[in-house]
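# Residue-level structure breakdown
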Amino acid sequence: MQAKAAKSPRGRWLRRGAAGLGIVVLLAAAAATAGHVMAGQRMKRQVAVPPQPAPAWRSDAAAVDRGRYLYASRGCVDCHGADGAGRTFLDEPGGLKVVGPNITPDAGSAVAGYRPQDWARTLRHGVKPDGTPVLIMPSEDYNRLTDDDLSALVAYVRQLPARPGASAVVSLPLPVRVLYGFGAIPDAAAKIDHTLPPPMPVPEGVTREHGAYVANMCLGCHGARLTGGKVPGGPPDWPAAADLTGGDAGGMAAYADADALLKMFRTGRRPDGTPVKVMPFESLREMSETDVRALHLFLRGLPAGGAAAGQAGAPVTPKAQARG
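The structure reproduced in this document is the subject of the present report.

One way to put it is that helix α5 (residues 116-125) packs onto helix α7 (residues 147-158) with a least axis distance of 11 Å and a crossing angle of 115 degrees. With respect to α7, the axis of α5 lies roughly perpendicular. Between α5 and α7 lies a crossing of right-handed hand. Between α5 and α7, the contacting residues are W119, A120, L123 and R124 on the first element and D147, L150, L153, V154, V157 and R158 on the second. Across the contact of α5 with α7, the residue classes break down as seven nonpolar, no polar and three charged.

If you want it as structure tokens, here you go:
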């Protein structure tokens, strides 16, 4: 009776199902192994950056003051700490841990020995002095910094008091590492058009042009066209970044006037009182009223689906800003 049961259609189906499941498991394991290996290779790859003149060192009071504002309001403080000595800014169950390194003038810091061209390559291109990509830091947000703003930011960091601090840590859970290995989660260096020259300055004011310049700080989370979606490499419980396009019909519909956006930046709460879960409010609350109002003017004017790309890799930068 047992032999007949083993030869029944149901028995054959069970055997085939088990075999199929085993094959799926083996393929998944092979893919995970391959992705893990490829991730290591991607982290060590050489990124070609065309040579560009690096902004000269500055140390004047105006540059340091402007750099202080940029450091506080453009996300640097969130990852490197107010004193620049580094901080842990992601430490999630499952193995995701990221520590922003010490960037003070201390001899053991991550930027010890940096030359002007090293700062430019790291900030604008997401590429370390040794040619490998910088992980986690959203250099796509800083790629469109003008020469003046890049010099000012570096001037401020270079005058910070030297102090010992944290070393960089980028620990990725296996699923994230595999996705990175296969290119599904690109690093900043893979997103940036490295051939773009630095933009020309735009006069500061509540204008769409200045708002477009400010909006470059939003690219890392909201995407190249500001249409939102899952934040690349973010923890699984992070909500998708909002679509900032479409005016009254899009993600900015709740912010009909600039005062509403300004209040959200200061409080971390939407106009209806609900908290915004994932945004760098430690930096956003430091943004000037002029910058926020200009940003609001620009975002409210974006058509659904994002701005038409004036330049590849810099769709939110007006053509008037580009050299050439």
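The next subject is the pattern of salt bridges. Throughout the structure, instances matching the rule amount to 15 salt bridges. A salt bridge links R45 to D187; the shortest N-O distance between them is 2.9 Å. Residue R45 is found in the loop between α2 (9-43) and α3 (61-73), and its partner D187 is found in the loop between α8 (174-181) and α9 (188-191); the two are separated by 142 residues along the sequence. Looking at D187, the relative accessible area reads 6%, which means it is buried. With a closest N to O distance of 2.9 Å, R66 and D149 form a salt bridge.

The next point concerns the environment of T146. Structurally, T146 can be placed in the loop between α6 (139-142) and α7. Apart from the residues within four sequence positions on either side, T146 is in contact with R124, P199, M200, P201 and Y213.

What follows concerns helix α14 (residues 289-300). For α14, with twelve residues, the first-to-last C-alpha span of 16 Å sits near the 16 Å given by 1.5 Å per residue. Those residues of α14 that fall on the buried side of the exposure criterion are D291, V292, A294, L295, H296, F298 and L299.

Turning our attention to the state of the cysteines. A complete count under the given rule lists zero disulfides for this structure. Left without a disulfide partner, C79 is nearest to the cysteine sulfur of C76, which lies 8.2 Å away. Between C218, a free cysteine, and C221, which holds the nearest cysteine sulfur, the sulfur-to-sulfur gap is 8.7 Å. Using a relative accessible area of 13% as the deciding quantity, one classes C218 as buried.

A word on helix α12 (residues 258-267). Restricting attention to buried positions, one finds in α12 the residues A258, A260, L261, L262, M264 and F265. Of the surrounding elements, those touching the buried residues of α12 are α13 (281-284) and α14. Residue D257 occupies the N-cap position of α12, its side-chain oxygen lying 3.1 Å from the main-chain nitrogen of D259. Among the residues trailing α12, G268 stands out with phi positive, at a value near 75 degrees.

Turning to the nonpolar core, a few remarks are in order. Among the nonpolar cores identified, the biggest contains 50 residues, and Y71, L123, L226, F265, M287 and L299 are the most heavily contacted of them. Elements represented by at least two residues in this core include exactly α3, α4 (76-80), α5, α7, α10 (208-215), α12, α13 and α14. The element best represented in this core is α7, accounting for seven residues. Not counting the four nearest positions on each side in its chain, Y71 is found in contact with C76, V77, H80, G81, A82, G84, I103, L153, Y156 and V157.

Glancing now at the sheet that holds strand β2 (residues 96-100). Judged by pairing direction, the sheet is antiparallel, and its three strands sit side by side in the order β1-β2-β3 without closing on themselves. Two strands lie at the open edges of the sheet, namely β1 (87-92) and β3 (169-171), each paired on one side alone. Averaged over all pairs of adjacent strands, the angle between strand axes in this sheet comes to 10 degrees, irrespective of strand direction. Bridging between β1 and β2 involves five bridges; their strand directions are antiparallel. By the bridge assignment, D91 is partnered in β2 with K97.

Time to look at the packing of α12 against α14. Where α12 meets α14, the closest approach of the two axes is 9 Å, and the angle between their N-to-C directions is 125 degrees. Between α12 and α14, the angle falls in the class oblique. As α12 runs across α14, the sense of the crossing is right-handed. Packed against α12, whose contacting residues are A258, D259, L261, L262, F265 and R266, the element α14 presents E289, V292, R293, L295 and H296 at the interface. Taken together, the residues that form the contact of α12 with α14 break down as six nonpolar, one polar and four charged.

Reading the values: rules and limits
Residues numbered from 1 in each chain as written. Predicted model: local features only at pLDDT ≥ 70, side-chain atom pairs only at ≥ 80, totals over all residues. Heavy atoms only, no water. Axes fitted to C-alpha atoms, helices over the stretch in contact; angles between N-to-C directions. Helix = DSSP H or I, 4+ residues; strand = E, 2+ residues; numbered from the N terminus. Parallel < 35°, antiparallel > 145°, perpendicular 65-115°, else oblique. Left-handed = near helix turned anticlockwise from the far one by under 90°. Contact = heavy atoms within 4.5 Å. Nonpolar A, V, L, I, M, F, W, Y, C, P; charged D, E, K, R; others polar. Salt bridge = Lys/Arg side-chain N within 4 Å of Asp/Glu carboxyl O. Buried < 20%, exposed > 50% of the residue type's maximum accessible area, 1.4 Å probe, protein only. Expected span 1.5 Å × (residues − 1). Disulfide = S-S within 2.5 Å. Polar contact = N/O pair within 3.5 Å; in protein donor to acceptor, adjacent residues only side chain to side chain. Core = buried A, V, L, I, M, F, W, Y, C linked by side-chain atoms within 4.5 Å. Pairing = 2+ DSSP bridges.

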